[in-house]
Each structure stands twice: as C-alpha cells, then as structure tokens.
Amino acid sequence: RKRMIKIAPAIVSCWQDFSLLIEQELFFLPENIYYLQGENGSGKSSFIKHSLLPVLETQRNLFYFLYLQQLFHLQGYAIKSHSAFYQPELKLKSEWDCIQYLLHNLSEIYAIEPKPVYCLVDENLHLAEIYHYLKESGIPFCLIFCEHSSFSITEEVNIINFQLLAPNQSRVYETTI
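If you're wondering where the values come from, they're calculated on a predicted model, not measured in any experiment.

Caption draft 1: Expanded view of the pattern of salt bridges. By the definition in use, this model includes four salt bridges. A salt bridge links Lys6 to Glu25; the shortest N-O distance between them is 3.6 Å. Of the two residues, Lys6 is situated in strand E1 (residues 5-7) and Glu25 in the loop between strand E3 (18-22) and strand E4 (26-28); the sequence distance between them amounts to 19 residues. For Lys6, a relative accessible area of 44% gives the class partly exposed. Residue classification places Glu25 among the partly exposed residues on the basis of a relative accessible area of 34%.

Printed below as a string of structure tokens:
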C-alpha cells in the first residue's frame, strides 16, 4: 500500500486577508508529479507553506521531504553555512551547487533508510535538473512544483489549479483528465 499525503477540504487562512478555498480532498501520491498552476499571487506558495508542509511535518517519520523555496538565494545562505561547517572542503558557489549538496545528502540518507521522497519546488530555475537527478537516482519521489517557464517531461502530470476568486481568496481544485 502506497503512503500518500492527503489535504482535506477546508478554508485555509494563509496570511492576513488571504485564504485558500480547498473544495475537494487532494491526494499527493509517491511516484507522481503535481503541477501547481495559477497566476502570480493566486496562492501556490501559500498552499505549500500552509497546507503541504504542515502535513509533511506531522508525517516526517514516513517520508523525506525536500523543499526548495521561491526565494532560494536566502535558503542558499543556510545551505552554504551548513556545508562550510560539516564539509569545509566543499566550496558551494552557485545555487545549483547548493541544490546538488541537498540532493547528494538526500541520496546518502535514503541509502541508509529508504522512504519515499516528497520534493517541493517553488519556482526554481533548476527544476529540470532536479527532476532528472531524482529520476536517475532511482529514489521513489513525488515532485510537486510551480513555475512559469517551460518545464516539460514525458510523464503524466497531475494539475492542481489556483484560481483567484477575489483579491483575498483563491479556489484550489484538481483538474481531472
């Protein structure tokens, strides 16, 4: 039986004067790909922070999760600091160096204790490289991403839509194909 992440229908208050209307149960299964689709400001990043991450946190003994924030350069500073402390011989210079450092650590941890991986990528320029790294690693992963470029893959992608209903609320629903 595959373990999954389930988000219940709800009105999720994300920040002052903004909420997400999740109309139906949303299921995120290992070894699936989910595209969070919607215009800027429609709540995709808020959904990750206020719905997905809290559920993953409560079930962290069942999964590994890797979250690459929208403003990754800030996350990159923390990764460079971690690397400088634990592996000073490594010189992480670029954003991709930092991401590879995380992916390599994930691969090492997975080799010791295999668990499904949830990878959340919030508008990162290296989405294609992240996808290919995970695909080639053989690690079972669920990729959940939002981006505005032209990332394309041959696998089936599940679409979670974000539709602004008003300046202070978005509707969240899955497109069934």
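Caption draft 2: Structural context of helix H2 (residues 72-86). Helix length check: H2 (15 residues) gives 21 Å between terminal C-alpha atoms against 21 Å at 1.5 Å per residue, within 8%. If you check which residues of H2 are buried, you get Phe72, Gln75, Gly76, Ile79 and Ser83. Down the axis of H2, the smallest arc covering the buried residues is 105°, so these residues share one side. Pointing more than 90 degrees away from the buried face of H2 are the exposed residues Tyr77 and Phe85.

Caption draft 3: Representation of the packing of aromatic side chains in the model. All told, the structure shown has eight aromatic pairs when counted by the stated rule. Through a chain of ring-to-ring contacts, three or more aromatic side chains come together here, namely Phe28, Tyr34, Phe47 and Phe162. Here the guanidinium or amino end of Lys115 rests over the ring plane of Tyr64, the centre of that ring lying 4.7 Å away. Lying across the ring of Tyr173, Arg171 places its NZ or CZ 3.8 Å from the centre.

Caption draft 4: View of the side chain of Lys115. If you trace the backbone, Lys115 turns up in the loop between helix H3 (95-112) and strand E7 (117-122). As a buried residue without a salt bridge, Lys115 has its nearest oppositely charged side chain in Glu113, at a separation of 4.1 Å. Lys115 has contacts with Arg60, Asn61, Leu62, Phe63, Tyr64 and Tyr110, leaving out every residue within four places of it along the chain.

Caption draft 5: Structural detail: the sheet that holds strand E5 (residues 33-38). Here eight strands make up an open sheet; going across it, the order is E2-E3-E10-E9-E5-E8-E7-E6 and the pairing mixed. Each edge of the open sheet carries a strand with a single partner, namely strand E2 (10-15) and strand E6 (64-68). Between one strand axis and the next, the sheet turns by 20° as a mean value, whatever way the strands run. Strand direction decides the pairing type here: strand E9 (residues 158-166) and strand E10 (residues 169-175), joined by seven bridges, are antiparallel. If you follow Asn161 over to E10, its bridge partner there is Tyr173. In the packing of helix H1 (residues 44-58) onto the sheet, the strands contacted are E2, E3, E5, E6, E7, strand E8 (141-146), E9 and E10, and the crossing angle to E7 comes to about 160°. H3 contacts E6 and E7 of the sheet and is inclined by roughly 175° relative to E6.

Rules of the game
Residues numbered from 1 in each chain as written. Predicted model: local features only at pLDDT ≥ 70, side-chain atom pairs only at ≥ 80, totals over all residues. Heavy atoms only, no water. Salt bridge = Lys/Arg side-chain N within 4 Å of Asp/Glu carboxyl O. Helix = DSSP H or I, 4+ residues; strand = E, 2+ residues; numbered from the N terminus. Buried < 20%, exposed > 50% of the residue type's maximum accessible area, 1.4 Å probe, protein only. Expected span 1.5 Å × (residues − 1). Arc of directions from axis to C-beta. Phe/Tyr/Trp six-rings, centres within 6.5 Å; stacked < 30°, edge-to-face > 60°. Lys NZ or Arg CZ within 6 Å of the ring centre and 35° of its normal. Lys, Arg positive; Asp, Glu negative; His and termini not counted. Contact = heavy atoms within 4.5 Å. Pairing = 2+ DSSP bridges. Axes fitted to C-alpha atoms, helices over the stretch in contact; angles between N-to-C directions.

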